[in-house]
Amino acid sequence: MSQEIENHDNHNDSGNRPFSSVMARYLSRRRMLQGSLGLAAATLFTDFGLSAALRQASAEPRRRLTLGFESLPGSMTDAIVVPEGYTAQILVPWGTPLDGSAADWQQDMHLTPAFQARAMGMHHDGMYHFPLDTQHASRDFLLAINHEYIDQSALWAPQGGPTNNDEGARPADEVRTEINAHGMAVVRLRRDDQGHWAPVADDAHNRRVTSATPMELAGPVRGTSWAVTAWSPEGTHVRGTNNNCASGYTPWGTYLTCEENWPEVFINRGKLTPDQARLGINGERGRYSWESAEDGEQGEFSRFDNTPHGDDPAKDYRNEARGFGYIVEIDPYDADSIIYKRTALGRFRHEGCWPGRVVEGMPLTFYTGHDSRNEYIYKFVTTKIWQQSDANRPGEAYDRQAIGTSYLDEGTLYVARFDADGEGEWLPLTVDAIIPQGEHKGRRLGEVFENQAGIIINTCDAADLMGATPMDRPEWGTVDPHSGIVYMTLTNNSKRTEAERPASFTGEGDDVFTVGSGYATAPVNAANPRPDNTYGHVIRWQERHDDPTRMRWEPFVFGSSASDADSNLSGLTDVNAFASPDGLWFDERDDGEGILWIETDNGLDKGRENAVAEMTNDQVLAVVPGAMSDDGQPAINAQNQAQLKRFAIGPNEAEVTGIFATPDRTALFINIQHPANWPAANTENATQTAQGQVRPRSSTVVIQKRDGGRIGV
Ligand code: FEO
Ligand code: CA
Ligand code: CA
């Protein structure tokens, strides 16, 4: 996302030990181990309890793929850059009509609610592909894609900007248009024999879901008093999904869209509830002042104002925001299907949701992270074990949401604690979980939060109590489907200082969870020797196969400028330096090998505020990951630089996000979000520089080789 809508203020007052200090202990422990390497390493693997087969898979490096392109030097233009021999085609930019009867996009057109409700929304982000049949999966599929937020200056460019954004009442139709520019879309894409891609207008699968589309709550929060509103006195329904950032998918063929920076569209002029304070709902006017418009039917706009009126929650919208902050499941194959918010997977600022390794007869796991400073990483483990008979049957019409209900509404939500010795523990967020520390020590979570719905509504507070490790803004994750190794980006954290601990922190064994001070900062250490984590990093972990509560983890790569010796812990050079890793996708290739793709979001719309931003726009990197090591070094370091290459670079001010490739790996799809002056008019060539100032449009871009070969190799 742009820094325009970010709010990564530290709402976490828990006092749990920050990740950076864990990292310091981890690396110093690793240095000790290096002194007696053979014995120590053997002990680690044995302690970890891996089966012989898994131990072998972890310890033996795979045969290495070779990246078959020249790493790109930095670029700062109003165009996309790809390696020699590749093309980049613009596809389905904001405003592309999804039915043939709609007017075509015009650079100076005035948008209406009706047009925007049937056209691509703004700010493309997470996305995934769903084949209509297996045989043509690489040339004909449904694209499910998020529209994370809006650029009001581009949206209202013909009239010089939005009306009454800061005071007075917003015009209702402007608000409806903005609401309809959010959400997600399903659009069928097809490639012709010349390698040209195009949307299929009027396809029956094409769909827009907006921040007003009715949908249902599912899981623990459904039908509870937490979710009662004037529009849904039973607490079962909610209107809209909002600020859908990254995404995920299920093995049964549904799309998961994830609600991230939604709190700021809501306000409460009265006393904040604990969950409102924790997640950042407050103030007199929402992000776009939607609540100020003259109300339509059934609280169309007043629902964004969560201020209580009287005693009855069924007569106001005090609980409206408790219908947001979820993983939302959509069946892309049925444009009329009911959409469910799967509350069992927690409520916070979800970046995305990624399935773990899928194994017949084992539960499924979904990983998810909370993108705010010093927030947490979670996983959800299904109660139901995976049955291959539930796997997606592409293109067939049947009730995928019934299958979703059987897996996603019952299971255990865990939050991660990363320990200094390279092991980690998953802490259950259940009514019977015993709080291990602090003023509630010895109590059950159910005693503090009433019931499982209360735990979900207050997910991050429950995570505080259980002793989770605060992280440097978890963004995307991805899983190597062969090894099950999970990767997650920690994009940056400006609230890191040299202070070892905040003054109010009272020490080991005395963690306090109700004090208002917590740690607004995190300590520097050998792994992050900078007073703030400007550049971000990527970690990875592997689950212990016989215990869902244990894993081992290691640092994977540290972002840095090549010239900043203190920060450059992965030995990066000018052709692969990066900052603020965000998007991730593990691209499995032959024999279990793969390419990890990393996308960056370096906040360039705020200016070029760090050394990487001064030399390049945001980018896509390819890395051949190698096996887990335990050798005390980040997996990517000065000895293996050829494994990490800069593959593509976006236009000025844009972040690069949303990523997958076709099954045959000949077409890589990415999204360009919030460009300053791109794409160029009257061309589908993403590498062409705009002439003069254009009305910028976020867009999907498909990258292919001119010879039709596989991407990256
Ligand atoms: Fe929408 Fe955390 O990125
Ligand atoms: Ca992101
Ligand atoms: Ca980001």
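What counts, and where the lines are drawn
Residues numbered from 1 in each chain as written. Chains lettered and ligands numbered in written order. Predicted model: local features only at pLDDT ≥ 70, side-chain atom pairs only at ≥ 80, totals over all residues. Heavy atoms only, no water. Helix = DSSP H or I, 4+ residues; strand = E, 2+ residues; numbered from the N terminus. Buried < 20%, exposed > 50% of the residue type's maximum accessible area, 1.4 Å probe, protein only. Contact = heavy atoms within 4.5 Å. Areas by Shrake-Rupley, 256 points an atom, 1.4 Å probe, with all protein chains shown as cover. Core = buried A, V, L, I, M, F, W, Y, C linked by side-chain atoms within 4.5 Å. Donors = N, O, S within 2.8 Å, 3.2 Å for Na, K, Ca; no water. Pairing = 2+ DSSP bridges. Axes fitted to C-alpha atoms, helices over the stretch in contact; angles between N-to-C directions. Polar contact = N/O pair within 3.5 Å; in protein donor to acceptor, adjacent residues only side chain to side chain. pLDDT = per-residue confidence, 0-100.

## Some thoughts on the overall build of the protein
On a plain count of helices and strands, the protein comes out with eleven helices and 32 strands. For the protein, the residues scored as buried account for 63% of the 713 residues in total. When contacts within the protein are restricted to residue pairs at least 6 apart in sequence, long-range pairs at least 24 apart make up 70% of them. Accessible surface, the protein as shown: approximately 24,000 Å² in total, 48% of it carbon and sulfur.

## Here's the deal with the nonpolar core
Judged by nonpolar contacts, the single largest core of 84 residues is most densely connected at Tyr 378, Leu 429 and Leu 445. Sequence-distant contacts of Leu 429, that is, excluding residues within four places in its chain, are made with Tyr 378, Leu 413, Val 415, Leu 445, Gln 452, Ile 455, Thr 459, Ala 462, Ala 463 and Met 466. Judged by nonpolar contacts, the second largest core, of 36 residues, contains Tyr 414, Leu 584, Phe 586 and Ala 635.

## Looking at the coordination of the calcium ion (ligand 3)
Only Glu 475 (OE), Asp 582 (OD) and Asp 601 (OD) from the protein coordinate the calcium ion (ligand 3), and they sit 2.3 to 2.4 Å from it. Between consecutive donors of the calcium ion (ligand 3), the numbers of intervening residues give the motif E-x106-D-x18-D. Separation of the calcium ion (ligand 3) from the calcium ion (ligand 2) amounts to 3.7 Å, with Glu 475 serving as a shared donor to the pair. Of this pair, Asp 582 sits in strand 26 (residues 581-588) while Asp 601 is found in the loop between strand 27 (594-600) and strand 28 (619-623), placing the two residues 19 residues apart along the sequence. Owing to a relative accessible area of 6%, Asp 601 belongs among the buried residues under this scheme.

## Topic: the environment of Leu 91
Turning to its location among the elements, Leu 91 is positioned in strand 1 (residues 86-91). C-alpha of Leu 91 to C-alpha of Leu 189: the two residues are 98 residues apart in sequence and 9.2 Å apart in space.

## Some details on the sheet that holds strand 13 (residues 354-355)
Strand order in this open sheet of nine strands is 13-14-16-17-18-25-24-21-20, and the pairing throughout is antiparallel. This sheet does not close on itself; its edge strands, each paired only once, are strand 13 and strand 20 (474-479). Alignment of strand 24 (residues 537-543) against strand 25 (residues 550-558), held across seven bridges, turns out to be antiparallel. Considered in strand 25, the bridge of Trp 541 is made with Trp 553. The strands that helix 11 (residues 459-466) touches are strand 16 (377-385), strand 17 (411-418) and strand 18 (423-428); relative to strand 16, the one it contacts most, it runs at about 100°.

## A short note on the coordination of the calcium ion (ligand 2)
Protein ligation of the calcium ion (ligand 2) involves Glu 351 (OE), Glu 475 (OE), Asp 582 (OD) and Asp 582 (OD), the donor distances falling in the range 2.3 to 2.6 Å. Each donor residue of the calcium ion (ligand 2) belongs to the same chain, and together they define the spacing E-x123-E-x106-D.

## Section: the side chain of His 440
Tracing the chain through its elements places His 440 in the loop between strand 18 and helix 9 (445-449). Separated by 2.9 Å, the side chains of His 440 and Arg 443 make a polar contact. Discounting residues that sit within four places of it in the chain, His 440 has contacts with Ile 435, Val 448 and Leu 465.

## Some remarks on the sheet that holds strand 31 (residues 667-673)
The four strands are arranged 1-32-31-30 in an open sheet whose pairing can be described as antiparallel. Sheet topology places strand 1 and strand 30 (655-661) at the edges, where each strand pairs with a single neighbour. Taking each pair of neighbouring strands and ignoring which way they run, the sheet shows an average axis angle of 25°. Bridge count for strand 30 against strand 31 is six bridges, and the pairing is antiparallel.

## Structural notes on helix 6 (residues 172-181)
The element helix 6 is largely enclosed, with a buried count of seven among its ten residues. Along helix 6, the residues that are buried comprise Glu 174, Val 175, Thr 177, Glu 178, Ile 179, Asn 180 and Ala 181. Here the buried face of helix 6 lies against helix 4 (113-117), strand 3 (140-147), helix 5 (152-155), strand 4 (183-191) and strand 6 (207-209). Of the residues one or two after helix 6, Gly 183 is the one with positive phi, at around 100°.

## Describing the confidence of the model for the protein
This prediction gives the protein a mean pLDDT of 88; 86% of its residues lie at or above 70. Within the model, the stretch residues 33-61 combines pLDDT values under 50 with 35 contacts to residues more than four positions away or in other chains. Here residues 500-519 is modelled with pLDDT under 50, and outside its nearest four sequence neighbours on either side it reaches 44 contacts, counting other chains as well.

## What to know about the pairing of strand 25
Judged by how many residues are buried, strand 25 sits mostly within the fold: eight of nine residues are covered. Note: strand 18 against strand 25, three bridges, orientation antiparallel. Residue Glu 425 lies in a different strand from strand 25, and its bridge partner there is Arg 550. Where strand 24 folds back on strand 25, the antiparallel hairpin that results is connected by six residues.

## Notes on the pairing of strand 10 (residues 255-259)
Burial within strand 10 is extensive, with five of its five residues counted as buried. Neither face of strand 10 is open: one carries Tyr 255, Thr 257 and Glu 259, the other Leu 256 and Cys 258, and all of them are buried. Where strand 9 (residues 244-249) and strand 10 come together, four bridges link them in antiparallel fashion. Paired with Asn 244 across the two strands is Glu 259, which belongs to strand 10. Here strand 10 pairs with strand 11 (residues 327-330) via four bridges, running antiparallel. Note on strand 11: the bridge partner recorded for Cys 258 is Ile 327.

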